[in-house]
Amino acid sequence: SAERRGELHPLLEKAVSVLIDKCADPHYRVVHEALGGICALAAAFPHALEPHLERCLPAVLSKAHEAKDATRAVAHTALQAVQQAYAPDALVPVLLRVLDVNQPRVRAAALGMLGSTAHGAAHYLQHQAHMRQCVSKCHTHLSDKAPELRRAALSALHSLHEAGGASFLSQVAGLPVPAQ
């Protein structure tokens, strides 16, 4: 009911903040439980997690490349829960903002998630301004010194091309000639 939702909202806000903070904990079990909590919140209370996606995704994406297999597995499960809880059209703008994070591994993972989300966001990407922003963000990573970022950017651009077709081509044609 609406009354119960109003009671839960402040508690869920606190829980989301704590879970995001605990993703950076040095102990892997704490991180594991925090990722599990994010997974559960995405499934049960996506409205509570949505305003925090810009903070949450970098925390989860950074753990997707962790050394421990168990942590990586739970991070991938949390990412899948987020992708199931939110429409691709809602995730793409958040992922584009995550690309501004100053962590190459997180940016590479965000580019990978952008690539896997692009097909579902074809309607969103048909708008020239949205595609322009995606192409621009991906294009800047093609010249990065990290090969992982370059590969992820190329893969994301390929997915954008498949999802956007003519919209993608018109944005690439608008790039300066050496960048094309």
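This text follows the structure it describes.
Residues numbered from 1 in each chain as written. Predicted model: local features only at pLDDT ≥ 70, side-chain atom pairs only at ≥ 80, totals over all residues. Heavy atoms only, no water.

(A) Up close: the overall build of the protein. Each helix and strand counted, the protein has 11 helices and zero strands in total. With respect to the principal axes defined by its C-alpha atoms, the protein has extents near 55 × 40 × 20 Å. The buried share of the protein, taken over its 180 residues, is 42%. Of the contacts made within the protein by residues no fewer than 6 positions apart, 67% connect residues no fewer than 24 positions apart. Working note: accessible area of the protein is about 9400 Å², and carbon and sulfur atoms make up 57% of it. (Helix = DSSP H or I, 4+ residues; strand = E, 2+ residues; numbered from the N terminus. Buried < 20%, exposed > 50% of the residue type's maximum accessible area, 1.4 Å probe, protein only. Contact = heavy atoms within 4.5 Å. Areas by Shrake-Rupley, 256 points an atom, 1.4 Å probe, with all protein chains shown as cover.)

(B) The side chain of Arg-107, seen in detail. Here Arg-107 lies in helix α7 (residues 104-118). Looking at Arg-107, the relative accessible area reads 11%, which means it is buried. A polar contact of 3.3 Å, which involves the side chain of Arg-107, links it to the side chain of His-141. In this view, Arg-107 contacts Val-98, Leu-99, Val-101, Asn-102, His-141, Asp-144 and Leu-149; residues no more than four positions away in its chain are not counted. (Polar contact = N/O pair within 3.5 Å; in protein donor to acceptor, adjacent residues only side chain to side chain.)

(C) Representation of the environment of Arg-97 within the structure. The residue Arg-97 is located in helix α6 (residues 88-98) in this model. Arg-97 sits in the partly exposed class, given a relative accessible area of 39%. Separated by 13 residues in the primary sequence, Arg-97 and Ala-110 place their C-alpha atoms 9.5 Å from one another.

(D) Helix α10 (residues 147-164), seen in detail. When the terminal C-alpha atoms of α10 are compared, their 25 Å separation across 18 residues agrees well with the 26 Å that a helix rising 1.5 Å per residue should span. Taken together, the buried positions of α10 are occupied by Leu-149, Ala-152, Ala-153, Ala-156, Leu-157, Ser-159, Leu-160, Ala-163 and Gly-164. Buried residues of α10, seen end-on, are gathered within an arc of 165° and therefore sit on one face of the element. What points out from α10, more than 90 degrees from its buried face, is the exposed set Arg-151 and Leu-154. Where the residues of α10 are buried, they touch α7, α8 (122-125), α9 (128-140) and α11 (166-173). Positive phi shows up at Gly-165, right after α10, with a value of about 50°. (Expected span 1.5 Å × (residues − 1). Arc of directions from axis to C-beta.)

(E) Expanded view of the packing of α6 against α7. Relative orientation of the contacting elements α6 and α7 amounts to 160°, with a least axis distance of 9 Å. When the axes of α6 and α7 are compared, the pair comes out roughly antiparallel. For the pair α6 and α7, the crossing hand works out as left-handed. Contacts between α6 and α7 involve Pro-88, Leu-91, Val-92, Leu-95, Leu-96 and Val-98 on the former and, on the latter, Val-106, Arg-107, Ala-110, Met-113, Leu-114 and Thr-117. Classifying every residue of the contact of α6 with α7 gives 10 nonpolar, one polar and one charged. (Axes fitted to C-alpha atoms, helices over the stretch in contact; angles between N-to-C directions. Parallel < 35°, antiparallel > 145°, perpendicular 65-115°, else oblique. Left-handed = near helix turned anticlockwise from the far one by under 90°. Nonpolar A, V, L, I, M, F, W, Y, C, P; charged D, E, K, R; others polar.)

(F) Layout of the pattern of salt bridges. If you walk through the whole model with that rule in mind, you get six salt bridges. Across the pair Asp-21 and Arg-55 runs a salt bridge whose closest N-O atoms are separated by 3.1 Å. Residue Asp-21 is located in helix α1 (residues 2-22), and its partner Arg-55 is located in helix α4 (residues 53-63); the two are separated by 34 residues in the primary sequence. We classify Arg-55 as partly exposed; its relative accessible area is 40%. (Salt bridge = Lys/Arg side-chain N within 4 Å of Asp/Glu carboxyl O.)

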